[in-house]
Amino acid sequence: MKTALVTGDLGFVGRRMVPALEARGYAVTGLDIKRGPHEDVRDWFRTSDERYDLVVHLAAVVGGRLTIDGAPLSVAVDLAIDAEFFGWAVRVGQPRVVYYSSSAAYPVDLQWRHIAHPYLHEDDLTWGEEDTVDERGPGSIGVPDMTYGWAKLTGEYLARFAADQGVIVHIMRPFSGYGEDQDLDYPFPSFAARARRRDDPFEVWGDGTQSRDFIHIDDVVEGTLAAVEKDYRAPLNLGTGRAVTFNELARMFMIEAGYTGIIRNLPAKPTGVHHRVAYVGNSLPIHRPRITLEEGIRRSLA
């Protein structure tokens, strides 16, 4: 039987990844610090000599926008997690891994003006070009989105060295994943909760014109495993290519909940980048998302 390791298996993606792997015939082992400090992946990577047919590395400190903007050092732990992960993979000769990067790794300036940059293409994120990546820190031209984006970009860089030493690495860049069991730190489940309560006014952080590419978590998982099965080794966006503003999303939730309320924008709240939408020309031949945003809203409200 094929074997798989999923780090962060109790997290939002991991809870869907494990049954998807089992359905494909894998015997799955999970590691997650939520079970206790004995499952800190950093310690496990330093001491373990085990190998698996596939490792899906999801363990990370993520959090919503408040964590990314308000507690950047807590997110920087991801640098240590990923360094230990790739060091372990090379040391034990792990044959194949999936590394979850993020759309936050793209340069912030490419995510601001949707007219000039309608989509984020995988080729927009490259190394070695001074006008793409620099050291001026968060908010500068050519740099990722806060420490979370920096950590994921660095993880991709480490993945290249691991690949040079024989590890097959599949790099996924998911956009705004959502699902029915997502934590309330994220906008989609928060909008669902407001719609279930029939909030009026319906609060939206920022001016509501910021747009995202919402993709259901099941399509994130299926797209990932399809890329593994087809041995696609270049970094891959996981999104739909559809831009939806937060004001539009609020209206969609209210309509599905059967009422019409007033949107109250909260400009003092953190909003992140203005426009983040995936180029999906490379991903659609591998996996075409099956769950529409409308269907995802219905599921979230059910």
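Structure first, text after, so check above.
Remember, it's a predicted structure, so these values are computed and weren't measured experimentally.

The rules we used
- Residues numbered from 1 in each chain as written.
- Predicted model: local features only at pLDDT ≥ 70, side-chain atom pairs only at ≥ 80, totals over all residues.
- Heavy atoms only, no water.
- Helix = DSSP H or I, 4+ residues; strand = E, 2+ residues; numbered from the N terminus.
- Buried < 20%, exposed > 50% of the residue type's maximum accessible area, 1.4 Å probe, protein only.
- Salt bridge = Lys/Arg side-chain N within 4 Å of Asp/Glu carboxyl O.
- Axes fitted to C-alpha atoms, helices over the stretch in contact; angles between N-to-C directions.
- Parallel < 35°, antiparallel > 145°, perpendicular 65-115°, else oblique.
- Left-handed = near helix turned anticlockwise from the far one by under 90°.
- Contact = heavy atoms within 4.5 Å.
- Nonpolar A, V, L, I, M, F, W, Y, C, P; charged D, E, K, R; others polar.
- 1 Å grid on protein atoms, 1.4 Å probe; cavity = no way out; pocket = protein on both sides within 12 Å on 5 of 7 lines; lining within 4 Å.
- Points joined across faces, edges and corners; volume = space filled by probe spheres on them.

Engineer: Tell me about unusual backbone geometry, and please be specific about residues and values.
Structural biologist: A cis amide bond, omega 10°, links Asp200 with the succeeding residue Pro201. Of note in this structure, Arg198 is not a glycine but carries a positive phi near 55°. As for its placement among the helices and strands, Arg198 is situated in the loop between helix H7 (187–196) and strand S7 (202–205). For Arg198, a relative accessible area of 44% translates into the label partly exposed. The residue Asp231 is not glycine, and still its phi comes out positive at about 55°. Mapped onto the elements, Asp231 comes out in the loop between helix H8 (217–229) and strand S10 (236–238).

Engineer: Before we move on, could you go through the pattern of salt bridges and cite the residues and values that matter?
Structural biologist: Per the stated rule, a full pass over the model turns up 21 salt bridges. Between Glu156 and Arg173 there is a salt bridge, with the nearest N and O atoms lying 2.8 Å from each other. Residue Glu156 is found in helix H6 (residues 146–164), and its partner Arg173 is found in strand S5 (residues 168–174); the two are separated by 17 residues along the sequence. Judged by its relative accessible area of 4%, Glu156 is buried. With a relative accessible area of 1%, Arg173 lands in the buried category. In this structure, Arg299 engages Glu295 in a salt bridge whose closest nitrogen and oxygen atoms are separated by 3.1 Å. Taken together, the residues span about one helical turn, with Arg299 and Glu295 both in helix H10 (residues 293–301) at a distance of four residues. We classify Glu295 as partly exposed; its relative accessible area is 25%. Through salt bridges with shared partners, a single ionic network connects Arg15, Arg16, Glu180, Asp181, Asp218, Glu295, Arg298 and Arg299.

Engineer: Outline the packing of H7 against H10, listing residues and values.
Structural biologist: As a packed pair, H7 and H10 sit with axes 9 Å apart at the nearest point and diverge in direction by 60°. With respect to their mutual orientation, H7 and H10 come out oblique. In this structure, H7 crosses over H10, and the sense of that crossing is right-handed. Listed contacts from H10 to Phe188, Ala192, Ala195 and Arg196 of H7 are Leu293, Gly296, Ile297, Ser300 and Leu301. A per-class count over the contact of H7 with H10 returns six nonpolar, two polar and one charged.

Engineer: Any details on the packing of helix H1 (residues 14–23) against H8? Residues and values, ideally.
Structural biologist: Relative orientation of the contacting elements H1 and H8 amounts to 45°, with a least axis distance of 10 Å. The angle between the axes of H1 and H8 places the two elements in the oblique class. Like other packed secondary-structure pairs, H1 and H8 cross with a definite hand, here right-handed. Residue-level inspection shows Arg16, Met17, Ala20 and Leu21 of H1 in contact with H8, the latter providing Ile217, Asp218, Val221, Glu222, Thr224 and Leu225. Tallied by class, residues from the contact of H1 with H8 come to six nonpolar, one polar and three charged.

Engineer: Can you explain the layout of surface pockets? Please cite residues and give values.
Structural biologist: Size it by volume and the second largest pocket reaches roughly 320 Å³. Arg160, Ile171, Arg233, Ala234 and Pro235 are the residues nearest the centre of the second largest pocket, which is lined by 20 residues in total. Split into classes, the residues belonging to the lining of the second largest pocket amount to 11 nonpolar, three polar and six charged.

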